[in-house]
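Each chain, written out:
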Amino acid sequence: SSGFCVAVGQTGSDGGNGLVEVTTDDGTNWNSQTVGPLLDSVSCDNDHCVAVGTAILVSNDDGKSWTSASNTPSGLGSLSSVSCPSADQCWAVGGDSVLMSSDGGVDWSSQPWAAPSSIGGFAGGPYTLMGTDLKSIACPSVSVCVSVGAAAYTWENPPPETTLPPETQHV
């Protein structure tokens, strides 16, 4: 709504906690809340917000109170970005994970995706995928999302030839 904004981050003075800042008057006054998980990104649709970092938090009251998502995939690392193109649908990324929620951030499921397993390039390649690190996601609509990050590849140096061509002698 007009004048309502939410920002998230981390405190530094107390050893590091999540921080939520909320304004309802175009930024004139901000209400600060310290939360347990460290937070890196937030997305809001009207009075509904989802924040991600070392956990996923959901607010349904203009950021006044936050609850943890009840169902997230096991072994999930930290998430770096979230985008909610509607109050029901949210997408989150971090590391090699892409997650989707169709119930406003309560339940999350891993979504299949993959960077190319090998690529060509300098010196003819081939380069083999070592790992990925998705940093940000933006969903301008419920049918379109774009995510960016980095993919690390290693060069597979071709092995040396094991046979030598026959030698010829000239007299």
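Look above for the structure.
Notes on the structure follow. Within each chain, residues carry numbers counting from 1 in the order of the written sequence. Owing to the predicted nature of the model, reporting of local features is limited to residues with pLDDT of at least 70; listing and counting of side-chain atom pairs is limited to 80 or more, with chain, interface and lining totals taken over all residues. Hydrogens and waters are ignored; side-chain quantities use all the structure's heavy atoms.

1. Points about the sheet that holds strand E13 (residues 127–141)
Then step 1. The rule for pairing is simple: two strands pair if DSSP sees at least two bridges between them. Counting from the N terminus, the helices are DSSP H or I runs at least four residues long and the strands are E runs at least two residues long. An order of E12-E13-E14 is seen for the three strands of this open sheet, with the pairing classed as antiparallel. The sheet is open, and its two borders are formed by strand E12 (118–119) and strand E14 (144–155), each paired with just one other strand.
Then step 2. Where E12 lies against E13, two bridges are found, and the strand directions are antiparallel. Residue pairing for E13: Ser118 is matched across the bridge by Thr128.

2. A word on the sheet that holds strand E8 (residues 81–83)
The strands making up a sheet are joined through hydrogen bonds of the backbone, oriented either antiparallel or parallel.
Then step 1. Strand order in this open sheet of four strands is E8-E9-E10-E11, and the pairing throughout is antiparallel. On the outer flanks of this sheet lie E8 and strand E11 (109–110), each paired with one strand and no other.
Then step 2. Here five bridges tie strand E9 (residues 90–94) to strand E10 (residues 97–101), and the two strands are oriented antiparallel to one another. Each bridged residue has a counterpart across the sheet, and for Trp91 the counterpart in E10 is Met100.

3. Some thoughts on the pairing of strand E5 (residues 48–53)
Then step 1. Counting buried positions along E5 gives six out of six residues, so the element sits mostly inside the fold.
Then step 2. Think of it in three bands: residues with accessible area under 20% of the maximum for their type are buried, residues over 50% are exposed, and the middle band is partly exposed, with areas taken using a 1.4 Å probe on protein chains only. Residues His48, Val50 and Val52 line one face of E5 and the alternating positions Cys49, Ala51 and Gly53 line the opposite face, and both faces are buried.
Then step 3. Here strand E4 (residues 39–45) pairs with E5 via six bridges, running antiparallel. The residue of E5 that forms the bridge with Ser43 is Val50.
Then step 4. Between the end of E4 and the start of E5, which pair antiparallel, lie two residues, with Asn46 showing a positive phi angle near 60 degrees.

4. Notes on the pattern of salt bridges
Then step 1. Salt bridge, as used here: a side-chain nitrogen of Lys or Arg that lies within 4 Å of a carboxyl oxygen of Asp or Glu. The tally for this structure, following the rule as stated, stands at two salt bridges.
Then step 2. Asp62 is the partner of Lys64 in a salt bridge, and the nearest nitrogen-oxygen pair spans 4.0 Å.
Then step 3. Lys64 gets classed as exposed once you look at its relative accessible area, which sits at 56%.
Then step 4. Judged by relative accessible area, Asp62 falls into the partly exposed class, the value being 22%.

5. Focus: a nonpolar patch on the surface
Then step 1. Like-charged residues within 9 Å of one another, or nonpolar side chains (Val, Leu, Ile, Met, Phe, Trp, Tyr) within 5 Å, are grouped into patches, provided each residue has over 30% relative accessible area and no salt bridge. The protein chains shown are the only cover counted for residues, whose accessible areas, like all others here, come from Shrake-Rupley with a 1.4 Å probe. Residues Val144, Val146 and Val148 make up a contiguous nonpolar surface patch of roughly 240 Å² in combined accessible area.
Then step 2. Mapped onto the elements, Val146 comes out in strand E14.

6. A short note on the side chain of Thr23
Then step 1. Assignment of secondary structure puts Thr23 in strand E2 (residues 18–23).
Then step 2. A relative accessible area of 1% means that Thr23 is categorised as buried.
Then step 3. Polar contacts involving the side chain of Thr23 include one to the side chain of Asp25, which spans 2.8 Å.
Then step 4. Working rule for contacts: check all heavy atoms of both residues, and any pair within 4.5 Å makes them a contact. Among all residues touching Thr23, those that are not within four sequence positions of it are Gly3, Phe4, Cys5, Thr28, Asn29 and Trp30. Here a polar contact means two N or O atoms within 3.5 Å. Within protein one must be a hydrogen donor candidate and the other an acceptor candidate, and residues neighboring in sequence count only if both atoms are side-chain atoms.

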